[in-house]
Every structure is written in structure tokens, then in C-alpha cells.
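Residues per chain are reported as follows:
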Amino acid sequence: MTSRSGQAGRRLGVALSALAVLASGVPQVALAQDSPSLIRDTEIEEILHHDADPIYAAAGLDPRTVRILIVGDKSLNAFATQGLQMGLNTGLILQTENPNQLRGVIAHETGHLAGGHPIRSGEMTRAGLKPMILTMGLGVLAALAGSADGAAVLLGNAQYAGALGALGYSREQESRADQAGAGFLEATGQSGRGLVEFFDNFRYQEVFDQARRYEYFRSHPLSSERIEVLRSRVERQPHYSAVDTPEDLAQHEIMKAKLEGFLNPQIALMKYKESDTGFPARYARAIAYYQMKEPDRALQLLEPLIADHPDNPYLWELKGQILFEFNRVALAEEPQRKSVQLKPDAALLRVNLGQTLINLNDPKKIEEGVQELKRSLLNDPDNSVTWRLLAQAYDTQKKDGEARLATAEQYYSLGAVREARVFAMRARELLTKNTPDWRRATDIVLASRPSNQDLKDLAKDSVAQSTPGL
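Residues numbered from 1 in each chain as written. Predicted model: local features only at pLDDT ≥ 70, side-chain atom pairs only at ≥ 80, totals over all residues. Heavy atoms only, no water.

**Student:** I'd like a description of the environment of Q95, backed by residues and values.
**Tutor:** Turning to its location among the elements, Q95 is positioned in helix α3 (residues 90-95). A C-alpha to C-alpha distance of 8.9 Å links Q95 and F198, two positions 103 residues apart in sequence. (Helix = DSSP H or I, 4+ residues; strand = E, 2+ residues; numbered from the N terminus.)

**Student:** Describe the confidence of the model for the chain, and please don't skip the residues or the numbers.
**Tutor:** Residues of the chain with pLDDT of at least 70 account for 71%, and the chain-wide mean is 79. Note on residues 120-168: pLDDT under 50 across the span, and 157 contacts to partners over four residues away in sequence or across chains. Note on residues 466-470: pLDDT under 50 across the span, and six contacts to partners over four residues away in sequence or across chains. (pLDDT = per-residue confidence, 0-100. Contact = heavy atoms within 4.5 Å.)

**Student:** Give a detailed account of the nonpolar core, specifying residues and quantitative values.
**Tutor:** Counting 38 residues, the largest nonpolar core has L48, Y56, L88, L92, I106 and M255 as the members making the most contacts within it. Ranked by the residues each element gives to this core, the list is headed by helix α2 (residues 42-58), at six residues. (Core = buried A, V, L, I, M, F, W, Y, C linked by side-chain atoms within 4.5 Å. Buried < 20%, exposed > 50% of the residue type's maximum accessible area, 1.4 Å probe, protein only.)

**Student:** Go over unusual backbone geometry, please, and point to the residues and values.
**Tutor:** Positive phi, close to 60 degrees, is recorded for N327, a residue that is not glycine. Inspection of the secondary structure puts N327 in the loop between α15 (313-325) and α16 (329-342). Classification of N327 by relative accessible area gives exposed; the value is 55%. In the Ramachandran plot, N434 falls in the positive-phi region, its phi being about 70 degrees despite a non-glycine side chain. One can find N434 in the loop between α21 (417-430) and α22 (436-445).

**Student:** Talk me through the pairing of strand β4 (residues 67-72); I want residue IDs and the actual numbers.
**Tutor:** Inspection of the sheet shows strand β3 (residues 37-40) paired to β4 by three bridges, in the antiparallel sense. By the bridge assignment for β4, S37 is matched with G72. Here five bridges tie β4 to strand β6 (residues 85-89), and the two strands are oriented parallel to one another. The residue bridging I70 from the neighbouring strand is L88, located in β6. (Pairing = 2+ DSSP bridges.)

**Student:** Pulling in residues and values, what's your account of the environment of S224?
**Tutor:** Position of S224 relative to the elements: it lies in helix α10 (residues 224-235). Once the C-alpha coordinates of S224 and F199 are considered, the two residues, 25 residues apart in sequence, prove to be 9.4 Å apart.

**Student:** How would you summarise the packing of helix α17 (residues 347-358) against helix α18 (residues 363-379) if you had to cite specific residues and measurements?
**Tutor:** Running from amino to carboxyl end, α17 crosses α18 at an angle of 160 degrees, the nearest separation of the two axes being 8 Å. Relative to α18, α17 is oriented roughly antiparallel. Crossing angle aside, the handedness with which α17 passes α18 is left-handed. Taken together, the residues of α18 that come into contact with α17 (itself represented by A347, R350, V351, L353, G354, Q355, L357 and I358) are K365, I366, E368, G369, V370, E372, L373, R375, S376 and N379. Its residues assigned to classes, the contact of α17 with α18 comprises eight nonpolar, five polar and five charged. (Axes fitted to C-alpha atoms, helices over the stretch in contact; angles between N-to-C directions. Parallel < 35°, antiparallel > 145°, perpendicular 65-115°, else oblique. Left-handed = near helix turned anticlockwise from the far one by under 90°. Nonpolar A, V, L, I, M, F, W, Y, C, P; charged D, E, K, R; others polar.)

**Student:** So what about the pattern of salt bridges? Which residues, and what values?
**Tutor:** Here the structure, examined in full by the defined rule, presents 23 salt bridges. One salt bridge connects D296 with R328, and the closest N-O pair in it is separated by 2.9 Å. With D296 in helix α14 (residues 295-308) and R328 in the loop between α15 and α16, the pair connects residues that are 32 residues apart, well separated along the chain. Linking R337 and E368 is a salt bridge whose minimum nitrogen-to-oxygen distance equals 2.7 Å. (Salt bridge = Lys/Arg side-chain N within 4 Å of Asp/Glu carboxyl O.)

**Student:** Could you give an account of the pairing of β6, naming the residues involved and the relevant values?
**Tutor:** On any regular strand, side chains alternate: one points to one face of the sheet, the next to the other face. For β6, a buried count of five out of five residues is recorded, marking the element as mostly surrounded by other parts of the structure. Residue alternation in β6 divides its side chains into two sets, Q85, G87 and N89 and M86 and L88, and both sets are buried. Sheet topology note: the strand β5 (residues 78-81)/β6 ladder contains four bridges and is antiparallel. The residue bridging F79 from the neighbouring strand is G87, located in β6. Counting the residues in the hairpin turn of β5 and β6 gives three residues, including G83, whose phi is positive at 85 degrees.

Okay, structure coming up:
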């Protein structure tokens, strides 16, 4: 993220580099190795929901209410938590050989959700994860430039932190989740073979002591008996012989290639060799070179991909991302616009465009960027990064009250109610009394947590007030 403000006029890093602004105010990379991070990426989220949503529906859950957390961690783990949240480590996703295996894990975790196991177990690690919310989009990092106190709050109070501790399920709950998951897969016309295969691949875990086991199998006890009981069940199901479609296999490979390129660029270049001319391999190489700080080489690989797939919004997004993060902000605008044009409902793509616009030295562009950020909040009202960028834009526009309210919203979305209240009180002093923004600041001061729909309505009202003819 590149900031034009006086306090933060330094490059904080590239997408998926977990940078924290610590007490010294200097970005650090240590967290990339030492603690996991939450990842936001429209393309990967879309693929995962395509895999998961039919399973959620078969379990009687509304897919719109289940939040999938992508955890940037190489360890093999997945979990279900209170509040209908399901976490999938990137390490686990990369270990799955096909969509059916990943859907098997999702079905099993859905069994825990539908059975209410996370609520009953109550064994979530209180320390949890201290995540930074990242995006693979334009490198919108949830780090507060030049604010050590802000960074500490971010790391300590992120809204998902409590959700990402390991859950200790009983063997009885594991068996129930297995059977429920097998039923959900059958109900959606899918084979349970992948779930058995995934567990069977790690059968040896049961002979290791707890310290040497993968995290997933420490919290989800595995046994040969459990695998055989599950195998017996799924082999009798009518859809046992069902296979993944070519389209689903292709999307799975694209997701893995993208993750590998961002998270393990050197490994990606070894795995996806120059001789491999398939889309996933070319995509992974372009991302890997970008991550290795070779933007020109990455763009050289990306341009033919865009020529072959001009309607792919994520290729345009990546091009804009590379240009933005390597200080070619003006050139980033056109590809970011194209990505939004191709996928207008994707909130994160609008955030990317908004960030680009507010970093241009043009009042009209900055105002347009504000509107893009507001529109993104209609679909993603709890995105703390968006609120941070809005605060930056309002500060540039000398709208002090709005800037303080946006900062209050940022802290509030991270669960830092005390800090949010402080900024909301300052906002109330500067905003016109009884306007929607003044009332929202009052709500935060009173610590009255609004619903997502309330936040969406507020964002919509704000867009309508400032956009003629809308």
C-alpha cells in the first residue's frame, strides 16, 4: 500500500506480505513467518463458496450467513467456530489433490457447524490468532501507517482473532461430523470418496505423538477405525462414483496456483516450469515474479494472459496491483477500472480502484475514489481496510469530522470499541447535529453494535447524498 500522506509516505509492502507497524513505526516482515494472517481475495473466495455453498444448503444453513476465513498459514488445518464461521488454512487447500477432497473437508466441518459442536466445545484458544487482514487485491494491508498504537490494536483486537483458536472435538463429535458430511455430499450429488482419501493420506498421523501431528489431527482425532467406518458409509452411497467436472478441476488448480505464487513464489517457479503453458502455470509464474520484486518480468508474462483472457477481471486486478505497488499509480487506474467493469459486485475490486484513485493528486479523482470505497461498503460493510482508506481520503479533503468517523468505523470493525468511541466522540464535535453521520457517531459512542444491514443502509444513504442523480 502506498500512501501519499505526510506521515505514511513510505511503501508498506506488497500483497500477502504480513507487515505490522510496531512500536518503532518501521514495517516488519516477521509476522509472515511467526503468525498466520487472514487473507481476502475475491477470486479464491468465489471458488471456495462455489465448493461450499451447496453443502451448507444441504445442511440446512443459509450460505449467505456462513463466513469462510482463508488463513494464510502453511500448516494443515481447518476449523468451524461460533458465529457460523469456517476457517481453511492455505496449507490445507494446497494439500488437497482435487475439489472433491477439499469439499470433503468442508462437508466434515459443516457437520460440526450443523451439529453445534463449536458452541458446545468452548475450547477455543483464548489467545487465538492475532491476524492482519490482507488482500491479494491491490495490496490493501490492514496496517496503520505511522501509528504504533493503531497497529497494536489491529493485531490484538481483530474481529476474527477469537475465532481462530484450535477447537478440541471429541471422537464422538468427529464421527458424527464424518457421517453428517458424507450425507451432505450425497445430498448434493457428490462422492464421499474425497473425504476418505484426504483422511487416508494422513492415516500415519495417529502413530505420532501430539507434538508431531498436524494441527488438524490434534484437534480432530484420527483413527484407522474411524476411516474404515466412513469408507464403508460412502462406498454404499449412490453417488460414490461421481467425479469432479473439468471446470471444477480447472478452478481448483487456478486457486492452488494463485496461492502458491503469492505465498511460496520460489517454490511456484520450480513447480510451474516455463515449459508448462497451461493457464494456472502462467498465472502462478506471473504472480511469483511480482512477489519476488520483478514487476517488469511479471507484467511481461501477464500481458499475453490478458490477451488470451480479456474478460478475466482478476488478471486486470493483478496488473493494476503490480503497477500500483511499484509506484506506477497513474498507470494502475485503467486496469483497476477494467476489473470493476467486468465484476461490478466485487467489493474488494472497488476497494482496489478506490485506493488507486485517492492516491492520485487530483481532487476529482480523490472524490471518485471516495465514492468507490463507499460503494464497496454496500457489499462488505465490515471491511476495516475500506474504512481506513476512507479516513485517509477524507483527511486529504480536509473533512475532519468524516475522517474521524471513518477511523471510528475502522476500529469498530476490528472490535476495538474503546478506540472507536474516542474517535466517534471527536467526530460528533465536528459533524452537523442529527445528520446520518452524526447519529452513527452517536451509536458508536454508546457502543450500540449495529447489524450488517444497518451498516449497508448507512453506506447506501451516504452514497446517495453525495452522488447526484443516484
